[in-house]
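Take a look at the letters that make up each chain.
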Amino acid sequence: MKQIALLCLLCLALSASEYSVVISKKIMISAVTAQQIRDIFLMKRHSLGNQKVIPVNLLGQDISRITFENEILKMDRDHLNAYWIKQHFQGITPPITQSSYDSVKMFVQNVEGAIGYIPSSMVDNGVKVIHEF
Amino acid sequence: MSFKLKTILLFLAVSLIPYALTMFLVGNSFRQELYDAVTQEMHTQLRLSVERIDQHLQTLQNDMTFLAKSDIMNDVYTQDLDRRISNALLAKKTDLKMAGDFYLLTTAGIIVASSDFAAIGKTIRSKPFVEVPVYSTFSTQAIGKLAVTYPLENFKRFFSNTQQRHYYIRHADGSTALRPSLFHDSLKVSKRLKNAPDLTIVLEEQKEFAYRLLYKYELWFILLLIGGGIFIALAAYYIATHLIEPIITLSNTAKKITRTQDYTQQVHLQRDDEVGELSHAFNTMINGMDQALNEIIGLNQEIEETQREVVFTMGSIGESRSKETGNHVKRVAEYSKLLALYYGLDEEESEMLKQASPMHDIGKIAIPDAVLNKPGRFDEEERRIMDTHALLGYDMLKHSNRTLLQAAAIVAYEHHEKYDGSGYPRGLKEEEIHIYGRITALADVFDALGSDRVYKKAWEDERIFALFQEERGKHFDPQLIDIFFDHLAEFLTIRETFKDIHES
C-alpha cells in the first residue's frame, strides 16, 4: 500500500512535475503556492514579500502555456481574453512574453525577480524551481 | 589748351559723368534685382527640400523612440535569443528604404541586436547618426540604446539635381559631401537641418545659368550704353561749339586785326545777349581806335610838315639875307638827296638830309649885313667874319634833340670842310667829315658856281666840271664826284626844274 502510494505519488509527481515554475537563483524565496503564482501572472500582485517579481509568459498557443493557464490560472483562453480586456481599461497589461523556453530560461536567469515556466527537463543550475505542475 | 577745347571738354565731362554714373547705378540695381529674384526662388526650393528631409529625419527618430519603448526590448535580457529585436529592426530598415543599419547596444556597448545580423556581438564602428535610450517595461533604468548609422547617401533621394543646379551637404567643419560637380562661379543658398544641426543643406546654382538672361542681352546693353554715350558726347560737342561760336568769331576778328593792322574791320554778330553787347563794344572800340590812329597819323604828318617848313624857312632866311635866290636852297636840297641815295643812304635818311641841307648857311643871319652883302672881294677881316657862319649855324642848331635839326647842325658845321683837310672851321679831312657835310659841300659849290652872284657871273658847265675833276680828292670826296659824273644828267635836270627866274 505504501509502495502503491509512493508509486502513485511518483506518478503524480512525474505527471505533476512536467513543468516547473522557475525564478533566479539569487532570490531567497524557495516555495510559492499556486495561488500566489496565479496572482502574479494575472498582474494582481507584483511582489513576493520584499521581492519584486516580473512574470514572463510564453508567446503564442504553446501547449505548455495552455497547460499553465488551465493548471495554475485555472482559466481558459476565452476567460483570459475577457479578463485582460477588462484589465486593459484599468491600465494593466498582460505579462511580457518570450517566444521560447530557452529565452524564458535566459530571461529568468538574467533578470532578478523574473518568474517563468519551463519544462522540468530543462531545469538546471541556473534557475531555481519554486513550483511544479 | 584753347578756350574751345576747354569748353568742349567741360561739356563732355558735365554730360558724360552723370550719364556713366546713372547707367552704372541702373545696371547695378538691375543685377541686384535679378540676384534677389534668383536667390528667392532658390530659397523657396531649398526650404521645401529641407522641410522634407527634416520630416523624414523626424520620422526616423520617432520610429526609433517607439521601437525603444516596445515590449520586445525586454529581449535585451535574453541577448535577443529569438532575434525578435533584430527582425524588428530589419523590418524597420526595409520600411524606411534607407541605407545604413540599426543597432541595439547594451550599456557596455556590445551590439545585442541589429538589422545587420553579422554585426551582432561586436561593437559599433562608425559614429551613429541618432541614438535613443532603451527601457524595459519594468525598469526605469535604461537597459541599452538604439542607434542608427545613416550614411549621407540617404539624402540623395531628396535632392532633385540638374546640370545647372544641385544640392550638397556641408558639415559644421566646412567640409562638403555629395557635391556632384564644381561650378566655376555659382550662387548658393543654404539652410541647416533642424533634426541634424551638424548638417547644412546647400543649394548651388551655376552663375552663368542664373544670370542667363543678363548674359544673353549683355552685348546689346553694352552697345546701347556706348550708343547713348556717343550720342550725348556728340550733343555736348555740338552745343559747346555752337555756344562758343560767337566768341571764336570775335577772337578771329581780333587776331585778323592784329595781323593786318586794318582797324576798319568789324565783327558781325547780331545778338540780343551779352555776347551781342560784347561784339558791339568791340566794334565801337575798334572804330574808336581807328579814328584815334588816323588822328595821330594826321597830327604826325602835320608836325613833320611844320618841321620841314620851319627848317626850309630858316634856310630861306639865311639865303635871303645874302640876297641869294630862294631856289638855290631847293636845288641844294634836291642835289643832296640825290647824292645821298646814290651814296647808299636809305630813303628816310636821304629825305632827312634833303630837309636839313637848306639850313647849311643859317649861320649867315648872324653875319653883319655890311660883310655879308659886300660887293666885291672880302678883305682878311671880312673873310674871317664870313667864315664864322659855319660855327654860328652849328651853335644855333646843336641844342635841339630832333634828328632833323641835329642833321642840320652837322650840315651847317661841316659844309665848308674839304676832303684834303684844308677847309674850315675845323680842318677835318676825308672820313672825319660827316657824309652830310661832304654831300652838302658838293651840292652847294655846284649850285653856287652855276648861279649868278652879286660878285660873279655863273660859270660855264665845262669850267665847273673841270674844276670838279681837279678838286676830286682835294675839295671833294672822290666817291661823290664819281657819283656826280655818273648821274650828271639827273643833276642837270634838277637844275633845269628849279631854275632861277631873273627879273632882268
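One can find the structure itself at the top, above this paragraph.
Notes on the structure in this doc start here. (Residues numbered from 1 in each chain as written. Chains lettered and ligands numbered in written order. Predicted model: local features only at pLDDT ≥ 70, side-chain atom pairs only at ≥ 80, totals over all residues.)

## Comments concerning the overall build of chain B
Here is step 1: Helix and strand counts for chain B stand at 16 helices and eight strands.
Here is step 2: Here chain B holds 504 residues, and the buried ones make up 26% of them. (Helix = DSSP H or I, 4+ residues; strand = E, 2+ residues; numbered from the N terminus. Buried ≥ 20, exposed ≤ 12 C-beta atoms within 10 Å, placed from the backbone.)

## Observations concerning the sheet that holds strand E8 (residues 200-206) of chain B
Residue and element names in this part refer to chain B.
Here is step 1: One open sheet holds the four strands; their spatial order is E6-E5-E8-E7, and the pairing between them is antiparallel. In this open sheet, the two strands that pair with only one neighbour each are strand E6 (176-177) and strand E7 (186-192).
Here is step 2: Across six bridges, the pairing between strand E5 (residues 165-170) and E8 is antiparallel. Pairing of Arg 170 across the sheet is with Thr 200, part of E8.
Here is step 3: Relative to the sheet, helix H1 (residues 3-69) contacts E5, E7 and E8, its axis offset from that of E7 by approximately 35°. (Pairing = 2+ DSSP bridges. Contact = placed C-beta atoms within 7 Å. Axes fitted to C-alpha atoms, helices over the stretch in contact; angles between N-to-C directions.)

## Remarks on the sheet that holds strand E4 (residues 54-58) of chain A
Residue and element names in this part refer to chain A.
Here is step 1: In space, the five strands of this open sheet follow the order E5-E4-E6-E1-E7, with mixed pairing throughout. Here the strands that pair on one side only, and so sit at the sheet edges, are strand E5 (96-98) and strand E7 (127-132). On average, each strand axis in the sheet is tilted by 40° relative to the strand beside it, whichever way the strands run.
Here is step 2: Here strand E1 (residues 19-24) pairs with strand E6 (residues 114-119) via five bridges, running antiparallel. Bridge pairing in E6 places Ser 20 opposite Ile 118.

## Regarding the pairing of strand E1 (residues 102-106) of chain B
Residue and element names in this part refer to chain B.
Here is step 1: Most of E1 is tucked away: four of the five residues are buried.
Here is step 2: Sheet topology places E1 next to strand E4 (residues 142-148); five bridges connect them, and they run antiparallel. By the bridge assignment, Tyr 103 is partnered in E4 with Ala 147.
Here is step 3: Judged from the three bridges that link them, E1 and strand E2 (residues 111-114) form a sheet pairing that is antiparallel. Bridged to Leu 105 within E2 is Ile 111.

## Looking at the interface of chain B and chain A
Here is step 1: On the side of chain A, 11 residues touch chain B, which itself brings nine residues to the contact.
Here is step 2: Looking at the side of chain B that touches chain A residue by residue, the class counts come to three nonpolar, three polar and three charged. (Nonpolar A, V, L, I, M, F, W, Y, C, P; charged D, E, K, R; others polar.)

## A look at the environment of Glu 349 of chain B
Residues and elements named next belong to chain B.
Here is step 1: Within the secondary structure layout, Glu 349 lies in helix H8 (residues 347-356).
Here is step 2: Taking the C-beta count within 10 Å as the criterion, Glu 349 has 17 such neighbours and is therefore assigned partly exposed.
Here is step 3: Expressed as a C-alpha distance, the spacing of Glu 349 and Thr 403, which sit 54 residues apart in the sequence, is 9.9 Å.

## Observations regarding the packing of helix H12 (residues 403-414) of chain B against helix H13 (residues 435-450) of chain B
All names here are of chain B.
Here is step 1: Packing of H12 against H13 brings their axes to within 8 Å, and their N-to-C directions diverge by 60°. As judged from the angle between their axes, H12 and H13 are oblique. As for the relative orientation of H12 and H13, their crossing is right-handed in sense. Residues Ala 407, Ile 410, Val 411 and Glu 414 of H12 touch H13, and the partners they reach there are Tyr 436, Gly 437 and Thr 440.
Here is step 2: Among the residues making up the contact of H12 with H13, the classes are represented as four nonpolar, two polar and one charged. (Parallel < 35°, antiparallel > 145°, perpendicular 65-115°, else oblique. Left-handed = near helix turned anticlockwise from the far one by under 90°.)

## Notes on the pairing of E6 of chain A
Residues and elements named next belong to chain A.
Here is step 1: With five of its six residues buried, E6 lies for the most part within the structure.
Here is step 2: Where E4 meets E6, two bridges bridge the pair, whose relative direction is parallel. Residue pairing across strands places Pro 55 opposite Ile 115, the latter belonging to E6.

## Describing the nonpolar core
Here is step 1: Ranked by internal contacts, the top residues of the largest apolar core, which has 59 residues, are Val 56, Phe 107, Val 108 and Ile 115 of chain A together with Leu 104 and Leu 146 of chain B.
Here is step 2: Among the elements that make up this core, the one with the highest residue count is H1 of chain B (seven residues).
Here is step 3: If near-sequence neighbours (up to four positions away) are discounted, Val 56 of chain A is found in contact with Pro 95, Ile 96, Gln 98, Val 104, Phe 107, Val 108, Ala 114, Ile 115 and Gly 116 of chain A.
Here is step 4: Membership of the second largest hydrophobic core comes to 38 residues, among which are Val 332, Met 359, Leu 404 and Tyr 436 of chain B. (Core = buried A, V, L, I, M, F, W, Y, C linked by C-beta atoms within 7 Å.)

## Remarks on helix H2 (residues 84-96) of chain B
Residue and element names in this part refer to chain B.
Here is step 1: Between the first and last C-alpha of H2 there are 18 Å, a value that for 13 residues agrees with the 18 Å anticipated at 1.5 Å per step.
Here is step 2: What H2 keeps buried is the set Arg 84, Ile 85, Ser 86, Ala 88 and Leu 89.
Here is step 3: Count one or two residues on from H2 and you reach Lys 97, which has phi positive near 50°. (Expected span 1.5 Å × (residues − 1).)

Keep in mind these values describe shape, not function.
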